[in-house]
Amino acid sequence: MVRSALLALACVSLAGVPAFGSPSPSPMPGGANQVSGVSGKVGDTLFNGIVRLQIVEVRDATPADHPETLLAPADQRVMVMTALVRNGLHSNFIDLIRYSLADKDDVAYVIADHLITPNPLNVPQGAAARQTAMFAVDKKYAPVKLLVQCATCNAQTRFAAFRVTLPAPSAASPAP
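I will try to describe carefully the structure that is included in this document. (Residues numbered from 1 in each chain as written. Predicted model: local features only at pLDDT ≥ 70, side-chain atom pairs only at ≥ 80, totals over all residues. Heavy atoms only, no water.)

**Remarks on the overall build of the protein**
Piece 1. Scanning the protein from terminus to terminus reveals one helix and 10 strands.
Piece 2. When the helices and strands of the protein are read in sequence order from the N terminus, they spell out α-β-β-β-β-β-β-β-β-β-β.
Piece 3. Counted over contacts in the protein with a minimum sequence separation of 6, partners at least 24 positions apart contribute 68%. (Helix = DSSP H or I, 4+ residues; strand = E, 2+ residues; numbered from the N terminus. Contact = heavy atoms within 4.5 Å.)

**A few points about the packing of aromatic side chains**
Piece 1. Going through the model one piece at a time under the given rule, you end up with four aromatic pairs.
Piece 2. With centroids separated by 5.7 Å and ring planes inclined at 25 degrees, the aromatic side chains of Y109 and F135 adopt a geometry described as stacked. One end of the pair, Y109, is in strand β6 (residues 108-110); the other, F135, is in strand β8 (residues 128-138), and 26 residues separate them in sequence.
Piece 3. Overall, the relative accessible area of 23% leaves Y109 in the partly exposed class.
Piece 4. Between the aromatic rings of Y109 and Y141, the centroid separation amounts to 6.5 Å while the plane-to-plane angle is 55 degrees, which identifies the pairing as tilted. Here Y109, found in strand β6, pairs with Y141, found in the loop between β8 and β9 (143-150); they are 32 residues apart in sequence, far enough to count as distant.
Piece 5. An aromatic cluster of three or more residues is present, and its members are F93, F159 and F162.
Piece 6. Over the ring of F47 we find R52; its NZ or CZ atom is 4.0 Å from the centre of that ring. (Phe/Tyr/Trp six-rings, centres within 6.5 Å; stacked < 30°, edge-to-face > 60°. Buried < 20%, exposed > 50% of the residue type's maximum accessible area, 1.4 Å probe, protein only. Lys NZ or Arg CZ within 6 Å of the ring centre and 35° of its normal.)

**Observations regarding the sheet that holds strand β2 (residues 45-47)**
Piece 1. An order of β2-β3-β4-β8-β7 is seen for the five strands of this open sheet, with the pairing classed as antiparallel. Two strands lie at the open edges of the sheet, namely β2 and β7 (116-117), each paired on one side alone. (Pairing = 2+ DSSP bridges.)

Structure representation (structure tokens):
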């Protein structure tokens, strides 16, 4: 009786130990604090249950945008982002939306809140607001994604982030 109990215990304790030469388990996808969210591309209207978001454009600034107002150093270029935010709540959406760019290596650039206008938002039920930002990045920085999060929403709001794929830069346009 004792012998069979010990044998059963040994089998149970060795069941979780991998045999030599067995492959190691696949790592979990993502990284620390990876943000999941609603995915789409520039021009798509995306809905997370709180707001409908359309990233209209993310592009290099043109002379008509007056990029000189940022006083960017020579090793930086000025970019412009435009978004349309429609309130999907039964009340005003009064929150701060944060926009972050990421390149192919996931190197992030957070667009400073004070460069986004208007921000924070106060969008009445059923209405929309247009947000714009003009900001400077390193000349070699090539963003491929835009992550949109609510900086002031609480857990009860359940604001799911947006992950927007940016178009590849046009080969016809020369680098500034």
